[in-house]
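Coordinates in review
The residues making up each chain are set out below.
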Amino acid sequence: MIKLCGIVFRFHSLFAVVMLLSLLTGYLVEAATLFTIVLIHELGHVMAAKAFGWKVKEVRLLPFGGVAEMDSQGKNRVSEELAVSIAGPLQNVVMIVFAWGMRHFGVWGEQWSMFFIESNRLIILFNLLPILPLDGGKIVQSVISLWAGYYRTLAVCLKASMALSCAMILVALLPLRTSGVQLNLAVVGCFLAYTNWCDLKNVHYVFLRFLFHRELHLAKNGKTGMRARPLAVTPEKKLQQLVRSIHRPCYHFFYVVETTGELQGILTENRVLHKYLTEFRPDSAVSELFR
């Protein structure tokens, strides 16, 4: 573990094994180059996050890539999230242009330049897969959160990521009888599947943390910069159903309407969140808020 500028850089235990195997097989320079490319990729995320004032928890460097852990809890703007997610692959594009220039001016040889360019290209393609916690998965999640409730966004994206991770494992195992298992792909698929399975089990707590931060944000800043979104609900609706319908970019007014069409009253999001988080009675009916 290394700490630089307040950010923890943590190396996976298998990283040392991979580097040792690279040394023994004569591929240490190539392995070190891939590590440097991954590190620069993750630093792109870190620099973008710092520019927006985000708190960066740590950068975990794995044998097959890296993950920058941000303390966001869904409280940041979608535009910021998209910029931070794209900042990593953008560093790879810059490195490809740099390698092309070095080859063009004869500083690097053809073989080394192509290795460097191809490595960056593969890292871009891999990271843009629509699987969490890869950049592509984060981009898809941010975009979906513009139109869907945040709880549904979290659950759907994690389930989809689980399915795609399992599909990756299946693809890795398909050539078992012919050319053999694609071990690297299988290991990555297992890691992604396990990560999403764990996150899916904890999705309720992630959503609760989002609600706490949202209530604090509304209490401090009001609904500034958020567009109003009215939602019609019946008095029998559960409080949990209301909070799960919250869209990140919107401030909600809940119009409580009887089955006869009569308006019983209007609830602000602040009131709904306060009731839900202070008393935590998710099965309470909306009508109880008018007593």
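Residues numbered from 1 in each chain as written. Predicted model: local features only at pLDDT ≥ 70, side-chain atom pairs only at ≥ 80, totals over all residues. Heavy atoms only, no water.

**With respect to the overall build of the protein**
For clarity, the threshold we go by: Here a helix means four or more residues in a row that DSSP labels H or I, a strand means two or more in a row labelled E, and each is numbered from the N terminus. Residue exposure (1.4 Å probe, protein chains only): buried if accessible area is under 20% of the type maximum, exposed if over 50%, otherwise partly exposed. Where accessible areas are quoted, they stem from the Shrake-Rupley method and a 1.4 Å probe; at the residue level, only the protein chains shown are allowed to cover.
If you tally the helices and strands in the protein, you get 10 helices and 7 strands. By the burial criterion, 43% of the 291 residues in the protein qualify as buried. With the model as given, the accessible surface of the protein reaches about 16100 Å², and the carbon-plus-sulfur share is 65%.

**A closer look at the packing of aromatic side chains**
How two aromatic rings sit relative to each other is given by the distance of their centres and the angle of their planes. Under the convention used in this document: Only Phe, Tyr and Trp rings are paired, with Trp represented by its six-membered ring, and only when their centres lie within 6.5 Å; those with planes under 30 degrees apart are stacked, over 60 edge-to-face, the remainder tilted. Charge-over-ring placement is defined geometrically: NZ (Lys) or CZ (Arg) within 6 Å of the ring centre, and within 35 degrees of the ring normal.
One pass over the full model with this rule turns up 8 aromatic pairs. Summarising the aromatic geometry, the rings of Tyr151 and Phe207 are spaced 5.2 Å apart at their centres and angled 80 degrees between planes, so their arrangement reads as edge-to-face. Note that Tyr151 is positioned in helix H6 (residues 150-173) and Phe207 in helix H8 (residues 203-221), a separation of 56 residues in sequence. Side by side, Tyr151 and Phe207 carry an identical accessibility label, which is buried. When the centroid spacing of 6.2 Å and the interplanar angle of 40 degrees are considered together, the rings of Tyr194 and Trp197 count as tilted. In this pair, Tyr194 and Trp197 are both assigned in helix H7 (residues 183-201), 3 residues apart and thus about one turn of the helix distant. The class of Tyr194 is exposed, set by a relative accessible area of 54%. For Trp197, a relative accessible area of 42% gives the class partly exposed. Here a set of aromatic residues connected by ring pairs shows up, and it is made of Tyr150, Tyr151, Phe207 and Phe210. Its end group placed over the ring of Tyr151, Arg244 keeps NZ or CZ at 3.8 Å from the ring centre.

**Thoughts on the side chain of His252**
Applied cut-off: We call two N or O atoms a polar contact when they sit within 3.5 Å, provided that within protein one can donate a hydrogen and the other can accept it, with sequence-adjacent residues counted only if both atoms are side-chain atoms. Note on contacts: a residue pair qualifies if any of its non-hydrogen atoms lie within 4.5 Å across the two residues.
With respect to the helices, strands and loops of the structure, His252 is situated in strand E6 (residues 250-257). One polar contact links the side chain of His252 to the main-chain amide nitrogen of His247, over a distance of 3.1 Å. At a separation of 2.9 Å, a polar atom in the side chain of His252 contacts the side chain of Glu269. When residues no more than four places from it in sequence are discounted, the contact partners of His252 are Arg214, Arg229, Leu231, Ser245, Ile246, His247, Leu267, Thr268 and Glu269.

Honestly, it's all geometry; don't read function into it.
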